[in-house]
Amino acid sequence: MRGSFKREIGSVSDVHGFVRAFFEREGLDRDYLFAVDLAVEEIFTNMVKYGDGGDREIEVELDMQDEHLTIRLIDHDVSPFDITAADVVDVDLPLKERKIGGLGIHLVRKFMDEIDYTYENRRSTVTLVKRFVTDHV
Amino acid sequence: MFEIRFGEREQIVLQGRFDAAQTSRAREFFDQVVESRVVDCSRLEYISSAGLGVLLKVQKRLMATEDGLALVGLNNHIRDVFRYAGLDKVFKITGESK
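Computed from a prediction, not measured in an experiment: that's the story for all the values here.

The rules behind the values
- Here the residue index of a chain counts from 1 through its sequence in written order.
- Here the convention is simple: chains get letters from A, ligands get numbers from 1, in the order in which they are written.
- It should be noted that, the model being predicted, local features are given only for residues of pLDDT at least 70 and side-chain atom pairs only at 80 or more, the latter also being counted only at that level, while totals for whole chains, interfaces and linings use all residues.
- Hydrogen atoms and water are omitted, and side-chain values are computed over all heavy atoms in the structure.
- Cavity and pocket criteria rest on a 1 Å grid covering protein atoms alone: a 1.4 Å probe that fits but cannot get out defines a cavity, protein on both sides within 12 Å along at least 5 of 7 lines defines an open pocket, and an atom within 4 Å of a point defines a lining residue.
- Grid points are joined across faces, edges and corners, and a volume is the space filled by probe spheres set on the points.
- We count a stretch as a helix when DSSP gives it H or I for four or more residues in a row; a strand needs E for two or more, and each element gets its number in order from the N terminus.
- Residue type decides the class: Asp, Glu, Lys and Arg count as charged, Ala, Val, Leu, Ile, Met, Phe, Trp, Tyr, Cys and Pro as nonpolar, and the leftover types, Gly among them, as polar.
- A helix is expected to reach a length of 1.5 Å times the quantity of its residues less one.
- The buried label applies to any residue whose accessible area, calculated with a 1.4 Å probe on protein chains only, is under 20% of its type's maximum; exposed applies above 50%, and partly exposed to all values in between.
- The arc in question is the one traced by the directions running from the helix axis out to the C-beta atoms.
- The contact rule is simple, with two residues in contact once any of their heavy atoms fall within 4.5 Å.

Caption draft 1: Quick look at the layout of surface pockets. Taken as a whole, the largest pocket encloses approximately 670 Å³ of empty space. Together, 33 residues line the largest pocket, and Lys49(A), Ile100(A), Gly101(A), Gly102(A) and Ser49(B) are the ones closest to its centre. Examining the composition of the lining of the largest pocket, we find that seven residues originate from one element, helix α2 (residues 49-63) of chain B, more than from any other. The residue makeup of the lining of the largest pocket, split by class, is 14 nonpolar, nine polar and ten charged. One number sums up the size of the second largest pocket: a volume of about 230 Å³. Arg20(A), Arg30(A), Asp31(A), Leu33(A), Phe34(A), Asp37(A), Arg17(B), Glu45(B), Tyr46(B), Asn75(B) and His77(B) are the residues that line the second largest pocket. Elements that contribute at least two residues to the lining of the second largest pocket include exactly α2 (33-50) of chain A together with β3 (37-47) of chain B. At three residues, α2(A) tops the list of elements feeding residues into the lining of the second largest pocket. For the lining of the second largest pocket, a count of residues per class yields three nonpolar, two polar and six charged.

Following this line, the structure appears as structure tokens:
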């Protein structure tokens, strides 16, 4: 299933609605919905904040095959921004030194099983994979 | 849908989905919070890093002089978010998870 969404933070509710519709259509275990919502929101908002893609909408693709959900976010006509190269967040720092930057990607790594970034023809693609198993988040 | 308001016993009630589109409203609300509060999260369904960012900023400000925010009633997913983010050590988290 594929959708495209305006490059603005306010689109997050629509993106979540799209994810929910996919879960309903495929009859997926709703216990995974939180993790997928979070991962999609973090990548989407990252693209909105740091992408320079002008008016082009951001595409979201969801595909379920053999207990593996593949989530793909495609940002058109942008400069490269490899989120997988982001610094590792030190979650043990004392409060005063804690920053929120990088926490979104850190959470995506925790909630997803795979994360991959490719860049081609001024197009950034982030691919996430979530395995649906009994021992789930 | 997301709601933030004062509840009984001056608790702060967070309800619904605290996503990136809700941060301005939440920030405005928390600007009026100047002392330690209990935050009732029992009807909070979802939070992303944007919501965590708002809470972390409030916590930094309050903990300079006060105990800060104490969170109660987090569901299991939200508990995971706080744990993964290392924020379970920054906020006092109590109450049964559901």
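Further notes follow.
Caption draft 2: Structural detail: helix α1 (residues 12-26) of chain A. Taking 1.5 Å of rise per residue, the 15 residues of α1(A) would be expected to cover 21 Å, and the 21 Å separating its terminal C-alpha atoms lies within 8% of that figure. Buried within α1(A) we find Val12(A), Val15(A), His16(A), Phe18(A), Val19(A), Phe22(A) and Phe23(A). The buried residues of α1(A) all sit within an arc of 155 degrees when viewed along its axis, so they share a single face. Away from its buried face by more than 90 degrees, α1(A) exposes Asp14(A), Glu24(A) and Arg25(A). On its buried face, α1(A) sits against β1 (2-5), α2, β2 (58-65) and β3 (68-76) of chain A together with β2 (12-18) and β3 of chain B.

Caption draft 3: Empty space enclosed by the protein, seen in detail. Residues and elements named next belong to chain A. Counting across every chain of the model gives one cavity of 30 Å³ or more. Taken together, 13 residues line the largest cavity, and the ones lying closest to its centre are Met47, Asp75, Phe81, Tyr117 and Ser124. Elements that contribute at least two residues to the lining of the largest cavity include exactly α2 and β5 (123-131). With four residues, the single largest contributor to the lining of the largest cavity is α2. Of the residues in the lining of the largest cavity, the class split is eight nonpolar, four polar and one charged.

Without other data, these values stay purely geometric and don't point to any function.
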